[in-house]
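# Architecture at a glance
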Amino acid sequence: SRSMRVWGRRLDPRVSRSAWTAMGESSHAAVAGHDDGSGATSADDESPRHHPLVHAMKDFLVATKGGAGQQLRHAVEDAAHIVVSLNSATAEGCPEAVADCHASLDQRLGMAETRAGELQPCVQALWSAAVASCSSSRRADEEVRLTREEVEELVLAYLVAYPDVLAPSLLKKLVQQLALGQSFMTSDDQHLDLSALTHGLHPHVMVVAIASRAAARRACELLQGRSESIAAKMLLALDDDR
């Protein structure tokens, strides 16, 4: 697609369209141990996965999916619930409840600010990598505002980096969804023993891990073909002046 050619031409002249589309195949071979003994293949050397923007994106994803990112999301979610309680307490005229809500809200917002600060370095590194990959025709003193094609590069970098973050959680998410479905049923209708399912999967962890990586990368490869439309929607919501 055009987006694949843009990625290969603008981000790394070594990356050909065939290298882009063969990225999943080369990574599967590496997982299976088919390399030259050094841990890398020639196809991997030309892979977009080695581009600085992809590295920055992966660091960003790992950080936001990790402890600081989870705590930030939880703090924001808690703050939203507290605001609802605060509005109810205010409407009911309960000064003690209002004071408690304000104290809890300040605590949650303070936690959110702290965790957001911990994520700032990887966010800044990602922005710097994105700016570095922008068109060289931009003047040094010109305000940096990403174009749609440059946002598309961010999308492509995300889709290259995301499988490594997504794959480990696929099985866990599947089991969680099954558990959620079981929770809606009465005990007589629950025919799936999740403990037995989890225990039975233990001997097949390696096979499941390889399958999960293949599924995650294939899904992201398919989305790469839609990178142009994804970037157009993302650009509408992107706060690129802060």
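In what follows, the structure referred to is the one given above.
Residues numbered from 1 in each chain as written. Predicted model: local features only at pLDDT ≥ 70, side-chain atom pairs only at ≥ 80, totals over all residues. Heavy atoms only, no water.

Per the secondary structure count, the protein includes eleven helices and zero strands. When the 242 residues of the protein are sorted by exposure, 32% land in the buried category. Here the protein displays about 14700 Å² of accessible surface, and carbon together with sulfur accounts for 58% of that area. (Helix = DSSP H or I, 4+ residues; strand = E, 2+ residues; numbered from the N terminus. Buried < 20%, exposed > 50% of the residue type's maximum accessible area, 1.4 Å probe, protein only. Areas by Shrake-Rupley, 256 points an atom, 1.4 Å probe, with all protein chains shown as cover.)

At a minimum axis separation of 4 Å, helix α5 (residues 52–65) and helix α6 (residues 67–92) run at an interaxial angle of 55°. Between α5 and α6, the angle is such that the two are oblique. Contacts between α5 and α6 involve A63, T64 and K65 from the first element and G69, Q70 and R73 from the second. A class-by-class count of the residues in the contact of α5 with α6 yields one nonpolar, three polar and two charged. (Axes fitted to C-alpha atoms, helices over the stretch in contact; angles between N-to-C directions. Parallel < 35°, antiparallel > 145°, perpendicular 65-115°, else oblique. Contact = heavy atoms within 4.5 Å. Nonpolar A, V, L, I, M, F, W, Y, C, P; charged D, E, K, R; others polar.)

Two numbers describe how α6 lies on helix α7 (residues 95–132): the axes approach to 8 Å, and their chain directions differ by 160°. Accordingly, the angle class assigned to the pair α6 and α7 is roughly antiparallel. Two packed elements cross with a definite hand, and for α6 against α7 that hand is left-handed. Taken together, the residues of the contact of α6 with α7 break down into 18 nonpolar, six polar and four charged. (Left-handed = near helix turned anticlockwise from the far one by under 90°.)

Here we come to the environment of R218. Inspection of the secondary structure puts R218 in helix α10 (residues 205–224). What makes R218 partly exposed here is its relative accessible area of 47%. Separated by 55 residues in sequence, R218 and P163 have C-alpha atoms that sit 8.7 Å apart.

This brings us to the environment of A112. Tracing the chain through its elements places A112 in helix α7. Taking the C-alpha atoms as reference points, A112 and R73, separated by 39 residues in sequence, lie 7.8 Å from one another. Sequence-distant contacts of A112, defined by excluding residues within four places in its chain, comprise L72, A75 and V76.

What follows covers a nonpolar patch on the surface. The grouping of L174, L178 and L192 at the surface amounts to a nonpolar patch, some 240 Å² of accessible area in total. Tracing the sequence through the fold places L174 in helix α8 (residues 148–183). (Patch = residues over 30% accessible without salt bridge, like charges linked within 9 Å, V, L, I, M, F, W, Y side chains within 5 Å. Salt bridge = Lys/Arg side-chain N within 4 Å of Asp/Glu carboxyl O.)

Quick look at the state of the cysteines now. Working definition of a disulfide: a covalent bond connecting the sulfur atoms of two cysteines. The full count for this structure, using the stated rule, is zero disulfides. This cysteine, C101, is not joined by any disulfide, and C94 carries the nearest cysteine sulfur, 9.6 Å off. (Disulfide = S-S within 2.5 Å.)

What follows deals with the pattern of salt bridges. Enumeration according to the criterion identifies seven salt bridges in this entry. In this structure, R115 and E118 form a salt bridge, with 2.7 Å as the shortest nitrogen-oxygen distance. Taken together, the residues span about one helical turn, with R115 and E118 both in helix α7 at a distance of three residues. A relative accessible area of 16% means that R115 is categorised as buried. Taking relative accessible area as the criterion, E118 reaches 45% and is therefore assigned partly exposed. Linking R217 and D164 is a salt bridge whose minimum nitrogen-to-oxygen distance equals 2.7 Å. On the criterion of sequence distance, the pair formed by R217 in helix α10 and D164 in helix α8 is long-range, its members being 53 residues apart. What makes R217 buried here is its relative accessible area of 5%. Among the charged side chains, a network of salt bridges with common partners joins K58, D164, R213 and R217.

Moving on, we get to a positive patch on the surface. There is a patch of like positive charges on the surface, built from K65, R73, K172 and K173. Along the chain, K173 turns up in helix α8. Relative accessible area serves as the criterion here: at 48%, K173 is assigned to the partly exposed category. (Lys, Arg positive; Asp, Glu negative; His and termini not counted. Charge placed at Lys NZ, Arg CZ, Asp CG, Glu CD.)

This next bit is on α5. A rise of 1.5 Å per residue sets the reference length of α5, with its 14 residues, at 20 Å; its end C-alpha atoms lie 20 Å apart and thus fit the reference within 8%. Turning to α5, its buried residues are L53, V54, A56, M57, L61 and T64. Down the axis of α5, the smallest arc covering the buried residues is 160°, so these residues share one side. In α5, the exposed positions that point more than 90 degrees away from the buried face belong to P52 and D59. (Expected span 1.5 Å × (residues − 1). Arc of directions from axis to C-beta.)

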